[in-house]
Every structure is written in C-alpha cells, then in structure tokens.
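Listed here are the chains, written in short residue letters.
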Amino acid sequence: MIGMAKVTEFIILGRGGQGGVTAARILVSAALKDGKWGQAIPEFGAERRGAVVKSYARIADEPVSLHSNIRRADVLVVLVSNILDLVNIDDLMKSRDSIIIVNSSAPIRTGYRTYYVDATSISEKLGLIIAGWHIVSTPLLGAVAKVTGVVSLDSIIKSLPEFVGRENLVKLNAEAVKMGYELVRGE
C-alpha cells in the first residue's frame, strides 16, 4: 500500500526487443480506461536487442505519488522463461502470495503462485513475428487480465491501437490477448 490507495505493482522481465516496455505502457493505458490510475516506468540503459530488460507498472485505485522503480512486485511477468535462471526471484517478489505469470509451454515451480501460457506458440500461430522475434507480450497481457483482474480484457484490447500502430497488427495482437486470456493455466 502506498498512502491509502490500493496499489498493485508489476515487474515485467524480458529481453530487449520483446515488448516489455510497451507491455507496461499498454497495461497502464488499460487501467486508465478502467477508471484506475497508473504509472509505466522503463528501466534500461545501453542494452541491445536480446539483453535482459525490466519495466515496471503501478496500478492503483487512487493517484499514486511515489515515482520510482519497483523493487518487489505483487506480479512478475516473465516474457521468456530462461530469464528465471538469471535472476533471484525471491529478491523480486513482495511475498509468497505474489504472482508469477510466465511464457512457458509447461508448468514451472517457483515457490510462488505461478501461472503459465505458451505465448510463443500463440505468436507463432498468429504470425506475430517481427524482425525474427515472437511478440509474446500481448498474450501475456491477456493472461495478466485473467489471473489478476487488475485490468479488464476489453481495456487491454482497446489500448492496443495507441501502441501497436498498423491496423492489421492491432487485430492480430487483439487475438493474441484473447488467446492468452483463454489459455493461461496454473494455480
């Protein structure tokens, strides 16, 4: 809790070029459409495509005055499962009740409430591959909507045109969001 507002804090872990920074921005845009408040905060330096990148999002019922990176998350979104081998997730999570949503084709044991969706396969099926990279962030945002209820599926889809651009990509990403929502599994 920050002040009296209920705040949900997200850390999004991905590789440069996978859309983690954009995912945080879409998540906050969806929150605003749902009548909530939010902040999207990227963290990167001179990383290049493929380097590990963190982005953060705060979503609250009331305005949030704290403006900083998030050290411990209520929800950790992992765009590629092998990143879990590179970080100490205990250092990133607020409590044992925190949630992890990971791009994986099979369950992963983490010691936390863990959900998984094969976002890579969804991307492959829809042809959402740009410059050789599967777009996995949008299916994972669908999973976030289903698992957490912090934002609505409809608001995520309505936020896509602000960030995706071309109409055909908006439609494909909307389908990816819906598939992520339907196919997420776990706890």
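What you see as residue numbers is a count from 1 along each chain, following the sequence as written. Local features are withheld for residues below a pLDDT of 70 in this predicted model, meaning they are given only at 70 or higher, and side-chain atom pairs are given and counted only at 80 or more; totals for whole chains, interfaces and linings count all residues. Hydrogens and water are ignored here; the side-chain numbers use all heavy atoms of the structure.

Asks: Just checking my understanding: could you explain the packing of aromatic side chains for this structure?
Replies: Two descriptors summarise a pair of aromatic rings, namely the distance from one centre to the other and the angle between the planes of the rings. Here a pair means two rings of Phe, Tyr or Trp (six-membered ring of Trp) with centres within 6.5 Å. Their orientation is stacked below 30 degrees between planes, edge-to-face above 60, and tilted elsewhere. In this structure the tally under the stated criterion is zero aromatic pairs. Placement of a charge over a ring requires the Lys NZ or Arg CZ to be within 6 Å of the ring centre, with the centre-to-atom vector within 35 degrees of the ring normal. Its guanidinium or amino end placed over the ring of Tyr112, Arg96 lies 4.3 Å from that ring's centre, counting from NZ or CZ.

Asks: Explain the environment of Ala145 to me, please; I cannot follow it from the model alone.
Replies: Here a strand is any run of E in DSSP of at least two residues, a helix any run of H or I of at least four, and the numbering for each starts at the N terminus. Take Ala145: it is sitting in helix α3 (residues 137-148). The spacing of Ala145 and Ala174 is 29 residues in sequence and 13 Å in space, taken between C-alpha atoms.

Asks: Please clarify how helix α5 (residues 167-183) should be interpreted in this entry.
Replies: Helical periodicity: at 3.6 residues per turn, an α-helix aligns residues three or four positions apart in one direction. Here, expected helix span is obtained from the residue count minus one, scaled by 1.5 Å. Relative to the 24 Å expected for 17 residues at 1.5 Å per residue, α5 spans 24 Å between its end C-alpha atoms, a close match to the ideal helical length. Relative accessible area decides the class of each residue, using a 1.4 Å probe on protein chains only: under 20% of the type maximum gives buried, over 50% gives exposed, and in between gives partly exposed. Restricting attention to buried positions, one finds in α5 the residues Leu169, Val170, Asn173, Ala174, Ala176, Val177, Met179 and Gly180. Only heavy atoms matter for contacts: two residues are in contact if any of them lie within 4.5 Å across the pair. Among the structural elements, β6 (113-117), α2 (119-126), β7 (129-130), α3 and α4 (153-164) are those in contact with the buried residues of α5.

Asks: Please explain the sheet that holds β6 as it appears in this structure.
Replies: Here, a strand pair is defined by DSSP locating no fewer than two bridges between the strands. Here seven strands make up an open sheet; going across it, the order is β2-β3-β1-β4-β5-β6-β9 and the pairing mixed. The sheet is open, and its two borders are formed by β2 (37-43) and β9 (185-186), each paired with just one other strand. Taken together, the two bridges between β6 and β9 define a ladder with antiparallel strand orientation. From the neighbouring strand, Tyr115 faces β9, where its bridge partner is Gly186. Every axis corresponds to a line fitted to the C-alpha atoms, with the helix fit spanning only the stretch in contact, and the corresponding angles, defined between N-to-C directions, vary from 0 to 180 degrees. Each of β1 (7-15), β4 (75-78), β5 (99-103) and β6 is contacted by α3, which is oriented at about 150° to β5, the strand it contacts most.

Asks: For this particular structure, what's the right way to read the packing of α2 against α5?
Replies: Packed helix pairs are characterised by how far apart their axes lie and by the angle those axes make with each other. α5 packs onto α2 with a crossing angle of 145° between their chain directions and a minimal axis gap of 10 Å. Where α2 crosses over α5, the two elements pack in a sense that is right-handed. Contact with α2, carried on its side by Ile122, Lys125 and Leu126, involves Leu172, Glu175, Ala176, Met179, Gly180 and Leu183 of α5 and no other residues of that element. In this scheme, a crossing is called left-handed if the near helix is turned counterclockwise away from the far one by less than a right angle; it is called right-handed if the turn is clockwise.

Asks: Quick question: what am I supposed to make of α2 here?
Replies: Turning to α2, its buried residues number three or more, namely Ala119, Ile122, Ser123 and Leu126. All buried residues of α2 project into a common sector of 100° when viewed along the axis, lining one side. Downstream of α2 by one or two residues, Gly127 has phi in the positive range, about 75°. This arc corresponds to the set of directions leading from the helix axis out to the C-beta atoms.

Asks: Whenever I open this one, the nonpolar core confuses me. Can you help?
Replies: Generally speaking, nonpolar side chains in soluble globular proteins are found buried as a group. Nonpolar core, defined: a set of buried Ala, Val, Leu, Ile, Met, Phe, Trp, Tyr and Cys residues in which side-chain atoms within 4.5 Å join the residues together. Core analysis: the largest hydrophobic core is formed by 41 residues, its most contacted members being Phe10, Leu27, Val77, Ile101, Leu140, Val151 and Ile156. Take this core: its biggest share by element is seven residues, from helix α1 (residues 20-33). When residues no more than four places from it in sequence are discounted, the contact partners of Val77 are Phe10, Ile11, Ile12, Leu13, Ile101, Leu140 and Val144. Membership of the second largest hydrophobic core comes to 18 residues, among which are Tyr56, Val80, Ile89 and Tyr112.

Asks: How do you make sense of the pattern of salt bridges when you look at a structure like this?
Replies: Opposite charge on two side chains permits them to pair, given that their charged atoms come into close proximity. Any Lys or Arg side-chain nitrogen located within 4 Å of an Asp or Glu carboxyl oxygen qualifies as a salt bridge. Under the counting rule described, the total for this entry stands at seven salt bridges. Measuring nitrogen to oxygen at the nearest pair gives 3.1 Å for the salt bridge that ties Asp74 to Lys94. Placement of the pair is Asp74 in the loop between β3 (52-60) and β4 and Lys94 in the loop between β4 and β5, with a sequence separation of 20 residues. On the accessibility criterion, Asp74 (22% relative accessible area) is partly exposed. One salt bridge connects Lys158 with Asp154, and the closest N-O pair in it is separated by 3.0 Å. Taken together, the residues Lys158 and Asp154, both in helix α4 and four residues apart, mark about one turn of the helix. Of the residues examined, Lys158 reaches a relative accessible area of 52% and is grouped as exposed.

Asks: What exactly am I supposed to notice about the environment of Ala31 here?
Replies: Its place among the elements puts Ala31 in helix α1. Sequence separation between Ala31 and Leu140 is 109 residues, and the spatial gap between their C-alpha atoms is 16 Å. Aside from chain neighbours lying at most four places away, what touches Ala31 is Lys36, Trp37, Ile59 and Val151.

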